[in-house]
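# A look at the structure
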Amino acid sequence: MVTYIGTQEMQAHLRKVKPETAITRMAEMIKEDYLRWGSFDKSARVANHSDVGVIELMPISDGTNYSFKYVNGHPKNTQAGLLTVTAFGVLADVDTGYPRLLSELTLTTAIRTAATSALAAKYMARPDSRRMALIGNGAQSEFQAVAFHAMLGIEEIRVFDVDPAATEKLIHNLRAYPNLRVVRAASIAEAVKGVDIVTTVTADKTNATILTPEMIEPGMHINGVGGDCPGKTELHADILNNAYVVVEYEPQSRIEGELQQMPADFQVTELWTILEGKATGRSSAEQITVFDSVGFALEDFSAMRYLEKFVMQKTSPMLDLIPEMMNPKDLFGMGMGAPVVDTKNATSAISAISATPETPLAPKVPIHA
């Protein structure tokens, strides 16, 4: 039996603990796992691209636990009333290969992405940062706003989206945080003027230039979240040329991050080295820093651990995803609904079945709904 955590369980959890608590806890667990960087078998995610979006698998293992996430990115989905990003994940035991947790990761991914953004910014942004611009006010935006408010003490967020309805939605939802001042901007340039941090989280699958060099001021920290697949960027290349750039996992970021527009020898720093103290988050108050965030499987591994620790209950639903068998070599017999046959007494068992043809064939173990 495999434990299942669905969207209803996750919604109940967020109502109970509040998003800011979930994000802060998640950030702590992500940091714990980044500090075990060498323990993980890492790879870039496997992607299947189409003209309208991408479907990806994100696997990783620390030798004891294995996890993967299925996630899509389809920007035009909202036109049909569907989410741009959906996800689910599995946490399994390496020794047996058996999954023990199957979970929604749509809500959870938004939490882990915001947690990773704020975690990186704690080391890369100036300590006195209090104002942030949020460009792109879609499904991820509130989580980013809450994360920076809770973890970095951001007091004012200047927001902009090409869709005014998205901005209205964001402002409405952030009313739950009265100590966070939300300012509607008429343009990207107006939103970023004078702020300490800029977060870009746009959805369009295109090589966009959401931020251009003339918008960037000394000391800014840029949290680039939206450029997360090949052919999708948000930052002008010259911004990277003039900044200290940090990534999650360099081989993956070279393929699908802002780095895809840079030469192969462009120098970057991996986040784990900063968390471990091997590298610095910034060298001066005037330095421009960029976190080129594409989302990495280690963060989903941490998210699955979070779900198991904080969300899973004794009353959580169970799925009969893996058959429970008396004879693990007789999958055919179980699949056909026949009694599990003891091979040592196969003749007598077959004779007993033949003698009572009117008895329906059924497995000896119950099949749970």
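To be clear, the structure that these remarks concern was listed above.
What comes next concerns the included structure. The structure displayed is predicted, hence computed values, not measured ones. (Residues numbered from 1 in each chain as written. Predicted model: local features only at pLDDT ≥ 70, side-chain atom pairs only at ≥ 80, totals over all residues. Heavy atoms only, no water.)

### Observations regarding the overall build of the protein
Definition in use: Numbered from the N terminus, helices here are DSSP runs of H or I no shorter than four residues, and strands are runs of E no shorter than two. Residue burial is assigned from relative accessible area. The probe radius is 1.4 Å, only protein chains are included, and a residue is buried under 20% of its type maximum, exposed over 50%, and partly exposed in between. We call two residues contacting when some pair of their heavy atoms lies within 4.5 Å. Method for areas: the Shrake-Rupley scheme with a 1.4 Å probe, in which residue coverage is limited to the protein chains shown. The sign given to each residue is positive for Lys and Arg and negative for Asp and Glu; His and the chain ends receive no count. Charged groups are reduced to one reference atom each: NZ for lysine, CZ for arginine, CG for aspartic acid, CD for glutamic acid.
For the protein, the helix and strand inventory stands at twelve helices and 17 strands. The principal-axis extent of the C-alpha atoms belonging to the protein is close to 85 × 45 × 35 Å. When each of the 369 residues of the protein is scored for burial, the buried share is 51%. For the protein, restricting intrachain contacts to residue pairs at least 6 apart in sequence, the fraction spanning at least 24 positions comes to 71%. Accessible surface, the protein: about 17,300 Å² in total, of which carbon and sulfur atoms supply 55%. A gap of 5 Å separates the mean positions of the 33 positive and 44 negative side-chain charges of the protein.

### So, the side chain of Glu-56
Following the sequence through the fold, Glu-56 ends up in strand E3 (residues 54-61). Taking the relative accessible area as the measure of exposure, Glu-56 reaches 6% and is therefore buried. Among all residues touching Glu-56, those that are not within four sequence positions of it are Arg-45, Val-46, Ala-47, Lys-69, Tyr-70, Val-71, Asp-228, Cys-229 and Glu-256.

### Topic: the packing of aromatic side chains
The cut-off we apply is this: Aromatic rings from Phe, Tyr and Trp, with only the six-membered ring used for Trp, were paired whenever their centres fell within 6.5 Å, and each pair was classed as stacked if the ring planes differed by under 30 degrees, edge-to-face if by over 60, and tilted otherwise.
Taken as a whole and judged by the stated rule, the model has nine aromatic pairs. Taken together, a centroid distance of 5.8 Å and an interplanar angle of 10° make the contact between Trp-37 and Trp-272 stacked. Of this pair, Trp-37 sits in the loop between helix H2 (19-34) and strand E2 (46-49) while Trp-272 sits in helix H9 (residues 271-275); the two residues are 235 residues apart in sequence, bridging distant segments of the chain. When the centroid spacing of 5.8 Å and the interplanar angle of 40° are considered together, the rings of Trp-37 and Phe-296 count as tilted. Linking Trp-37 in the loop between H2 and E2 with Phe-296 in the loop between strand E16 (289-292) and helix H10 (297-311), this pair joins segments that are 259 residues apart in sequence. Phe-296 sits in the buried class, given a relative accessible area of 1%.

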